[in-house]
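Listed here are the chains, written in short residue letters.
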Amino acid sequence: MKSPFGRREVKLVLWVVLGTLLVGGGMLLTVRLNEAIDERIRVGAETTGEVVHVGRFRISRSFSANRLTVDYTFDGVRYRERFSSELDESEFHVGDVLDVRVARTDPNRAATPDGYATEDLLLQVPTLLEGLGAIMIMISLALIRTGPRRD
């Protein structure tokens, strides 16, 4: 007895499964990154930093990212790091002062209570994974539904 599903349908179902894995991976990564930021805020050494540059980057119609370049001093050494976050309601301007929590073991790794963190955490990756997975699922399901049928 021959299978009612052709190779095309099986491939499209595998694309749906891969898209689902990407969405799930993005969600898990979001949780891990939020935990890392919370940990930096909880145990990091407190200092203040000054915003020296603000950049806003539109990645898609519904997703943008903020990038702040912040100068801060820790143990007498001055650091300039890029902080990033998803677009939020807060508007930062050059010259604004931020509370910065710095990792005691590596002063180049820091976070703010506003959810900004140094770019070693790659905060935009989870959203990109989730978006890519959702697009893969939608396209595959549309192709399964509208594709040619073999009799």
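Residues numbered from 1 in each chain as written. Predicted model: local features only at pLDDT ≥ 70, side-chain atom pairs only at ≥ 80, totals over all residues. Heavy atoms only, no water.

**Structural notes on the overall build of the protein**
Note the threshold: A run of DSSP states H or I qualifies as a helix once it reaches four residues; a run of E qualifies as a strand once it reaches two. Both are numbered from the N-terminal end. With a 1.4 Å probe rolled over the protein chains alone, any residue whose accessible area is under 20% of its type maximum counts as buried; one over 50% counts as exposed, and the rest are partly exposed. The contact criterion used throughout is that any non-hydrogen atoms of two residues lie within 4.5 Å.
The helix and strand inventory of the protein stands at two helices and six strands. Ordering the α and β elements of the protein from the N terminus gives α-β-β-β-β-β-β-α. Buried residues in the protein amount to 34% of all 151 residues. A separation of at least 24 residues holds for 65% of the contacts in the protein among residues at least 6 apart in sequence.

**Considering the pairing of strand β1 (residues 45–58)**
Put simply, the rule reads: Between any two strands, pairing holds if DSSP finds at least two bridges.
Note: β1 against strand β4 (residues 97–102), six bridges, orientation antiparallel. Residue Gly49 lies in a different strand from β4, and its bridge partner there is Leu98. Across nine bridges, β1 lies against strand β2 (residues 64–74) in antiparallel orientation. Within the sheet, the bridge partner assigned to Arg56 lies in β2 and is Asn66.

**Some points on a nonpolar patch on the surface**
Here is the rule we go by: Patch membership requires more than 30% relative accessible area and the absence of a salt bridge. Residues of like charge join within 9 Å; the nonpolar side chains Val, Leu, Ile, Met, Phe, Trp and Tyr join within 5 Å. Exposure was quantified through the Shrake-Rupley algorithm and a 1.4 Å probe, taking into account, for residues, occlusion by the shown protein chains and nothing else. In what follows, salt bridge is the name for a side-chain nitrogen of Lys or Arg lying within 4 Å of a carboxyl oxygen of Asp or Glu.
On the surface, Val13, Trp15, Val17, Leu18 and Leu21 cluster together to form a nonpolar patch covering roughly 470 Å² of accessible area. Topologically, Leu18 is positioned in helix α1 (residues 7–43).

**Section: the nonpolar core**
This is how the line gets drawn: As used here, the term nonpolar core means buried Ala, Val, Leu, Ile, Met, Phe, Trp, Tyr and Cys residues forming a set that is joined through side-chain atoms within 4.5 Å.
Grouped together as the largest cluster of nonpolar side chains are 14 residues, with contacts concentrated most on Leu68, Val70, Tyr72, Phe83, Leu98 and Val100. Within the residue set of this core, elements represented by two or more residues are β1, β2, β3 (77–86) and β4. Looking at this core element by element, the count peaks at four residues for β2. Setting aside its immediate chain neighbours within four residues, Leu98 contacts Thr47, Thr48, Gly49, Val51, Leu68, Val70, Phe92, Thr112 and Asp114.

**Let's talk about α1**
The condition is simple: Take the residue count of a helix, subtract one, and multiply by 1.5 Å to get its expected span.
Here α1 contains 37 residues, and its C-alpha end-to-end distance of 53 Å stays within 8% of the 54 Å for a straight helix at 1.5 Å per residue. The complete set of buried residues in α1 reads Glu9, Leu12, Val16, Gly19, Leu22, Gly26, Leu33, Ile37 and Arg40.

**Quick look at the side chain of Thr69**
Considering the arrangement of structural elements, one finds Thr69 in strand β2. Beyond its immediate stretch of four places on either side in the chain, Thr69 contacts Glu50, Val51, Val52, His53, Arg80, Glu81 and Arg82.

**Here we look at helix α2 (residues 125–146)**
This is how the line gets drawn: Of all possible arcs, the one meant is that of the directions from the helix axis to the C-beta atoms.
Compared with the 32 Å implied by 1.5 Å per residue over 22 residues, the 32 Å span of α2 between its first and last C-alpha is a close match. Pro126, Gly133, Met136, Ile137 and Ser140 are the residues of α2 that are buried. The buried residues of α2 occupy one face: seen down the axis, they fall within an arc of 100 degrees. Exposed side of α2, more than 90 degrees from the buried face: Met138, Arg145 and Thr146 are the residues found there. Against the buried residues of α2 lie α1.

**Re the pattern of salt bridges**
It is possible for side chains bearing opposite charge to pair when their charged atoms get close. Counted by the stated rule, this structure contains four salt bridges. Among the salt bridges present, the one from Arg42 reaches Glu39, with a minimum N-O distance of 2.3 Å. Of this pair, Arg42 and Glu39 are both found in helix α1, three residues apart, which corresponds to roughly one turn of the helix. According to the relative accessible area criterion, Arg42 is exposed, its value standing at 59%. The partner of Arg109 in a salt bridge is Asp106, and the shortest N-O contact between them spans 3.1 Å.

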